[in-house]
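Remarks on the overall topology
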Amino acid sequence: MRRAVVIGAMGQIGRPTVDALVRDGWEVTAASRGGGRDERWPQEVRTVRLDRADDAALAAAVGEGCDLVVDMVAYGQEHARQLTALAGRVGSAVVISSVSVYEDADGRGFDTQGEPDGFPAYPVPIVETQRTVPPGESSYSTRKAALERELLAAGDALPTTLLRPGAVHGAHSPLPRELYFVKRNLDGRGTRVLAHGGRSRFHPASARTIAELVRLAAARPGSRVLNACDPQAPTVAEIGAAVDEVMGVETRTVLVDGPPPEGSVGRTPWSVPRPVVCDMTAAARELDHRPVITYAGSLPETVDRLRAELARRDWTEAFPKLAQAYPDLFDYPAEDAWLRAR
């Protein structure tokens, strides 16, 4: 039986990836910091505790050898070198990168500031040959670029598929962008404001879509880079409407051309001044990938989870990463004041 080690198995992508590999006949070791087990995994899944920074612990998880390592949490050159050091004991790897490595023709990427001139003007859709930011240690994007470069340089010694997801979503997301619409609806906010005319498109990537790509890449090892996004890239207005439909509510939307008119008014976790849309042709060509779920199809499970979390505790406690990234996500007084003045 083929053996796989999944690093970061208890994360939002790791959980469905373990499921997908088991269904495909893999013997899976699920490694995570806490060594936990998803209740839906079959008992034959072996779980281990793993500190990603501990070289010896990683080597122990791999053991005498395995056919596949899937790394959800690799970040930077040092993690790439941890993996390449195991090349003689690992058949191939699948590693999660990010669309944030892309930059436009003028050298603008996710790390640039300002709306809209500082935001990248990517081609639509973005293909994998689009230029990327220089590798380095200065930011999330440059460290992901360094990770990619180091792993691709390993070539046949460790064939690695690098997957570049967009806005990752799923039942266990620590940064559920959908909360923006779910909480507003639960709070009885009958009117919402959307900047950029509601046309912002930040390509979503279901954890289940990414898991399927991992499964396919595991069966066809190679050194490659592939986008890993959903079949469609809905606008933020379409996402809001889809959440409303799942929750059975009607909302009036006020569209504002251009950036948020006042502070965070009109800003959402998808609000970008220019579209970020990825091409999925290469995944279809190289892996025979076919969509397994649509964005709308994934929403009921996500909405149910968010309802349950908000019923138990404040959103900032439930999702601290989201609160840190968007501290003024629900500034209702500012929104009300702007709507009255309008």
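Before going further, it helps to spend a moment on the sheet that holds strand E6 (residues 160–165). Reading across from one edge, E3-E2-E1-E4-E5-E6-E10 is the order of the seven strands in this open sheet, with parallel pairing throughout. This sheet does not close on itself; its edge strands, each paired only once, are strand E3 (46–49) and strand E10 (224–228). Between one strand and the next, the sheet's axes are offset by a mean angle of 20°, whatever the strand orientation. By the bridge criterion, four bridges tie strand E5 (residues 90–96) to E6 in an arrangement that is parallel. The residue bridging Ala 93 from the neighbouring strand is Thr 160, located in E6. Taken strand by strand, helix H1 (residues 14–23) contacts strand E1 (3–7), strand E2 (27–32) and strand E4 (66–71), and its axis lies near 170° from that of E2. Strand contacts of helix H4 (residues 140–154): E5, E6 and E10, with the helix running at about 160° to E6, the strand carrying the most contacts.

In this fold, Ala 219 is placed in helix H6 (residues 207–219). It is 36 Å that separates the C-alpha atoms of Ala 219 and Val 272, two residues lying 53 residues apart in sequence.

One pass over the structure, following the stated rule, counts nine aromatic pairs. Between Tyr 180 and Phe 330, the ring centres sit 6.2 Å apart and the planes meet at 15°, which makes this aromatic pair stacked. Of this pair, Tyr 180 sits in helix H5 (residues 179–186) while Phe 330 sits in the loop between helix H11 (320–325) and helix H12 (332–341), placing them 150 residues apart in sequence. Through a chain of ring-to-ring contacts, the aromatic side chains of Tyr 180, Phe 181, Trp 270, Trp 315, Phe 330 and Tyr 332 assemble into a single cluster. One cation-aromatic arrangement involves Arg 143 over Tyr 75; the distance from NZ or CZ to the ring centre is 4.2 Å. Here Lys 183 stacks its cationic end above the ring of Phe 330, 5.3 Å away from the centre of that ring.

Residue pairs spaced three or four apart in an α-helix point in one direction, given the helix's 3.6 residues per turn. Of all the residues in H12, the buried ones are Tyr 332, Glu 335 and Trp 338. Burial along H12 is one-sided: seen end-on, the buried residues are contained in an arc of 130°. Relative to its buried face, H12 has exposed residues pointing more than 90 degrees away, namely Pro 333, Arg 340 and Ala 341. Where H12 is buried, its residues meet H5, strand E8 (191–194) and strand E11 (252–255). Capping of H12 at its N-terminal end is provided by Asp 331; its side-chain oxygen lies 3.3 Å from the backbone amide nitrogen of Ala 334.

What follows deals with the environment of Asp 331. Along the chain, Asp 331 falls in the loop between H11 and H12. The class for Asp 331 is partly exposed, based on a relative accessible area of 33%. A polar atom in the side chain of Asp 331 sits 3.3 Å from the backbone nitrogen of Ala 334.

At a closest axis distance of 9 Å, the pairing of H5 and helix H7 (residues 236–247) adopts a crossing angle of 45°. Considered as vectors, H5 and H7 are oriented oblique to each other. The handedness of the crossing between H5 and H7 is right-handed. From H5, Phe 181, Val 182, Asn 185 and Leu 186 reach across to H7, where they touch Val 236, Ile 239, Gly 240, Val 243, Asp 244 and Met 247. The class makeup of the residues in the contact of H5 with H7 is seven nonpolar, two polar and one charged.

The rules behind the values
Residues numbered from 1 in each chain as written. Predicted model: local features only at pLDDT ≥ 70, side-chain atom pairs only at ≥ 80, totals over all residues. Heavy atoms only, no water. Pairing = 2+ DSSP bridges. Helix = DSSP H or I, 4+ residues; strand = E, 2+ residues; numbered from the N terminus. Axes fitted to C-alpha atoms, helices over the stretch in contact; angles between N-to-C directions. Contact = heavy atoms within 4.5 Å. Phe/Tyr/Trp six-rings, centres within 6.5 Å; stacked < 30°, edge-to-face > 60°. Lys NZ or Arg CZ within 6 Å of the ring centre and 35° of its normal. Buried < 20%, exposed > 50% of the residue type's maximum accessible area, 1.4 Å probe, protein only. Arc of directions from axis to C-beta. Polar contact = N/O pair within 3.5 Å; in protein donor to acceptor, adjacent residues only side chain to side chain. Parallel < 35°, antiparallel > 145°, perpendicular 65-115°, else oblique. Left-handed = near helix turned anticlockwise from the far one by under 90°. Nonpolar A, V, L, I, M, F, W, Y, C, P; charged D, E, K, R; others polar.

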